[in-house]
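# A structural walkthrough
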Amino acid sequence: MYIVKSGAIEVHDGDTVFETVLPGGLLGEMAIVDGEPRSAGARAKDQSEVIAIDQKRFLGMVERTPYFAIRIMRVLTRRLRHTNALVAAR
């Protein structure tokens, strides 16, 4: 998982951009939660810096900081609702 420190990261599948993640935002949270391969790619839109969070650090943060776990759930929920809206619009 990554936290965007600066810049902008596009989450994409080919030419389709699902989201642009800005500083303070997260990406790769699905893969760290369920251990499955990533479901989308990521590319820097601008010069960017990210902070890598490995499984051990992620679990420690969830354990020590309940708000962090809630933040992850909110990101997952927001992205799921966004995807549902896109599918419903088709």
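In short, a report on the structure. No experiment lies behind these values; they were computed from the predicted model shown.

### Let's talk about the sheet that holds strand 6 (residues 49–52)
The sheet built from 3 strands is open, its strands ordered 4-1-6 with antiparallel pairing. Each of the sheet's edge strands pairs with one partner strand only, and the pair in question is strand 4 (26–27) and strand 6. Examined bridge by bridge, strand 1 (residues 2–6) and strand 4 share 2 bridges and lie antiparallel to one another. Each bridged residue has a counterpart across the sheet, and for Ile-3 the counterpart in strand 4 is Leu-26.

### Describing the packing of aromatic side chains
Evaluated as defined, the whole model comprises 1 aromatic pair. Judged by centre distance (5.8 Å) and plane angle (70 degrees), the ring pair of Phe-58 and Phe-68 falls under edge-to-face. Here Phe-58, found in helix 2 (residues 55–64), pairs with Phe-68, found in helix 3 (residues 66–89); they are 10 residues apart in sequence, far enough to count as distant. An identical accessibility class is assigned to Phe-58 and Phe-68; each is buried.

### Here's the deal with the sheet that holds strand 5 (residues 41–44)
Spatially, 3-2-5 is the arrangement adopted by the 3 strands of the open sheet, whose pairing is antiparallel. What marks the edges here is a single partner per strand, and that holds for strand 3 (16–21) and strand 5. Strand-to-strand twist of the sheet, defined as the mean angle between neighbouring strand axes without regard to direction, takes the value 30 degrees.

### Notes on the layout of surface pockets
If you add up the space inside the largest pocket, you get close to 630 Å³. Taken together, 23 residues form the lining of the largest pocket, with Val-11, Phe-18, Met-30, Ser-39 and Ala-40 sitting closest to its centre. Counting residues per element, the ones that place at least two in the lining of the largest pocket are strand 3, helix 1 (29–34), strand 5 and helix 3. In the lining of the largest pocket, the residues fall into 12 nonpolar, 5 polar and 6 charged.

Definitions and limits used
Residues numbered from 1 in each chain as written. Predicted model: local features only at pLDDT ≥ 70, side-chain atom pairs only at ≥ 80, totals over all residues. Heavy atoms only, no water. Pairing = 2+ DSSP bridges. Helix = DSSP H or I, 4+ residues; strand = E, 2+ residues; numbered from the N terminus. Phe/Tyr/Trp six-rings, centres within 6.5 Å; stacked < 30°, edge-to-face > 60°. Buried < 20%, exposed > 50% of the residue type's maximum accessible area, 1.4 Å probe, protein only. Axes fitted to C-alpha atoms, helices over the stretch in contact; angles between N-to-C directions. 1 Å grid on protein atoms, 1.4 Å probe; cavity = no way out; pocket = protein on both sides within 12 Å on 5 of 7 lines; lining within 4 Å. Points joined across faces, edges and corners; volume = space filled by probe spheres on them. Nonpolar A, V, L, I, M, F, W, Y, C, P; charged D, E, K, R; others polar.

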